[in-house]
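Observations on chain architecture
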Amino acid sequence: MRVTRRTWIRRAAAAALFAFCTQAVTSHAATAAEPDSTLVIETRDGPHTFRIETARTPGEQARGLMFRRELAEDAGMIFLYARPQPIHMWMKNTYIPLDMLFIAADGKIARIERMTEPFSEETISSGAPVTAILEIPGGRARALKIRRGDLVRHPHFGTE
């Protein structure tokens, strides 16, 4: 099949545009946003403060921490919901293991999923209706002795 110069130019332009868009999306998603607030988890061993980003929009919630290559030990992302509901998460396109803390409306941790598997498409369920999920670096919940029933201090729960 003979490829004309015009066809070749169109294909080259389309390939260049695709490569540019892919790089822009990936580099934007992989860049950590600045934390917009803090929260404190009250454990039996004392309080632990995290600098957090808030996933507010459905798009931010769908993207979560996908494509991130690192997350500071005291950093995290919180997903807030207006009403208690069962929540289902996954690790698709997520490069780093996370601890997911499912938080009830009263600010108490209802469930912890520890050391989630990067890139897994397996569903991770809250197990009960919750109004928030906090994602922190994998292994931090164990290291800080964060347990089910610990209190999360944040304005969303009225526990600040």
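Everything below is about the structure shown above.
Let us look at the structure shown here. What you see is a predicted model; the values in this text were computed from it and never measured.

Some details on the packing of aromatic side chains
Within a pair of aromatic rings, the relevant descriptors are the distance that separates the centres and the angle that separates the planes. Summed over all chains, the structure comprises 1 aromatic pair. Arranged with centres 4.9 Å apart and planes meeting at 75°, the rings of tyrosine 95 and phenylalanine 119 form a pair that is edge-to-face. Separated by 24 residues along the polypeptide, tyrosine 95 in the loop between β4 (88–89) and β5 (98–103) and phenylalanine 119 in the loop between β6 (109–113) and β7 (124–125) bring together distant segments of the chain. Taking NZ or CZ as reference, arginine 69 lies 3.8 Å from the ring centre of tyrosine 95, over its face.

Description of the sheet that holds strand β9 (residues 151–153)
Across the sheet, 7 strands lie side by side as β6-β5-β8-β3-β2-β1-β9; this open sheet has mixed pairing. The outermost strands of the open sheet, each flanked by one partner alone, are β6 and β9. Put simply, the sheet's adjacent strands are angled 30° from each other on average, direction ignored. In this sheet, strand β8 (residues 130–137) lies alongside strand β3 (residues 75–85) in antiparallel orientation, the contact comprising 5 bridges. Note on β8: the bridge partner recorded for glutamine 85 is valine 130.

Considering the pairing of β8
For β8, the tally of buried residues reaches 8 of 8 residues, placing the bulk of the element in the interior. Direction of pairing for β5 relative to β8: antiparallel, over a ladder of 6 bridges. Counterpart to aspartate 99 in the pairing with β8 is isoleucine 136.

Points about the environment of arginine 83
Relative to the elements of secondary structure, arginine 83 occurs in strand β3. Using a relative accessible area of 53% as the deciding quantity, one classes arginine 83 as exposed. Separated by 48 residues in the primary sequence, arginine 83 and threonine 131 have C-alpha atoms spaced 5.9 Å apart. The residues touching arginine 83, leaving out its near neighbours within four places in the chain, are Val130 and Thr131.

Some details on the pattern of salt bridges
Per the stated rule, a full pass over the model turns up 7 salt bridges. Residues arginine 68 and glutamate 53 are paired through a salt bridge, measuring 2.9 Å at the closest nitrogen-oxygen approach. Placement of arginine 68 in the loop between α2 (58–63) and β3 and of glutamate 53 in strand β2 (residues 46–55) is noted, with a sequence separation of 15 residues between them. Look at arginine 68 and you get buried, because its relative accessible area is 5%.

The rules behind each value
Residues numbered from 1 in each chain as written. Predicted model: local features only at pLDDT ≥ 70, side-chain atom pairs only at ≥ 80, totals over all residues. Heavy atoms only, no water. Phe/Tyr/Trp six-rings, centres within 6.5 Å; stacked < 30°, edge-to-face > 60°. Helix = DSSP H or I, 4+ residues; strand = E, 2+ residues; numbered from the N terminus. Lys NZ or Arg CZ within 6 Å of the ring centre and 35° of its normal. Pairing = 2+ DSSP bridges. Axes fitted to C-alpha atoms, helices over the stretch in contact; angles between N-to-C directions. Buried < 20%, exposed > 50% of the residue type's maximum accessible area, 1.4 Å probe, protein only. Contact = heavy atoms within 4.5 Å. Salt bridge = Lys/Arg side-chain N within 4 Å of Asp/Glu carboxyl O.

Any functional reading would require information that these geometric values do not contain.
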